[in-house]
Amino acid sequence: MQNKPETHQQPRTNFKIWQQNLRKSSHTWEHLLKNLNPNDYNLACIQEPFLNPVKLANTSNLRRYWDVIYPTKHHTSQDRSQVIMLINKKISKNKWHTIPIQSSNIMALELTGDFGKVRIYNIYNPCDHDGTMH
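This report concerns the structure included in the present document. (Residues numbered from 1 in each chain as written. Predicted model: local features only at pLDDT ≥ 70, side-chain atom pairs only at ≥ 80, totals over all residues. Heavy atoms only, no water.)

1. Quick look at the sheet that holds strand β2 (residues 43-47)
- Strand order in the open sheet made by the four strands is β1-β2-β4-β3, with mixed pairing throughout. One side of each edge strand has no neighbouring strand; the edge strands of this open sheet are β1 (17-21) and β3 (66-69). Neighbour-to-neighbour, the strand axes of the sheet open up by a mean angle of 15 degrees, direction not taken into account.
- Bridge count for β2 against strand β4 (residues 83-88) is five bridges, and the pairing is antiparallel. In the sheet register, I46 faces β4, and the bridge partner there is I84. (Pairing = 2+ DSSP bridges. Helix = DSSP H or I, 4+ residues; strand = E, 2+ residues; numbered from the N terminus. Axes fitted to C-alpha atoms, helices over the stretch in contact; angles between N-to-C directions.)

What follows is the structure in structure tokens.
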């Protein structure tokens, strides 16, 4: 009888981020929805998202797998939000929180785990000025 070495499934140690500027396009948004696989990606950082007339991302088919995060000022500012994040629902809400930033062009979240803490920023900087950075 041959002895087989024990194999242990290692926990996933990588964190995959999808980053894309949608240029406010509904077609590009639909492409993202079809291709953003929750088994492959943990987070999506989107710049210039397609937003409906009430300034929300059309996410009815995303809600099963993703939490949609808007910038801090999204619901209180007249400025159009230029960034959103989608975080995989497999990541416990006890392991992340948003970092308040008073901008429609910048948002961030902090993740905690065995690795410690890490902050991820999603920044939209228009090509015609550098006002986001000031």
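Moving on from the model shown.
2. Some details on the pairing of β1
- The alternating pattern of β1 places W18 and Q20 on a buried face, while none of I17, Q19 and N21, on the opposite face, is buried.
- Where β1 and β2 come together, five bridges link them in parallel fashion. Note on β2: the bridge partner recorded for I17 is L43.
- Each parallel crossover has a hand, and for β1 linked through helix α1 (residues 26-35) to β2 it is right-handed. (Buried < 20%, exposed > 50% of the residue type's maximum accessible area, 1.4 Å probe, protein only. Right-handed = clockwise from strand over helix to strand, strands pointing away.)

3. Details of the sheet that holds strand β5 (residues 96-99)
- Read across the sheet, three strands follow the order β5-β6-β7 without closing on themselves; strand pairing throughout is antiparallel. The open sheet terminates on both sides in strands that have one partner only, identified here as β5 and β7 (116-123). Taken over all neighbouring pairs, the strand axes of this sheet differ in orientation by 25 degrees on average, direction set aside.
- In this structure, β5 lies alongside strand β6 (residues 106-113), joined through four bridges in antiparallel fashion. When the sheet's bridge partners are listed, I99 is paired in β6 with A108.

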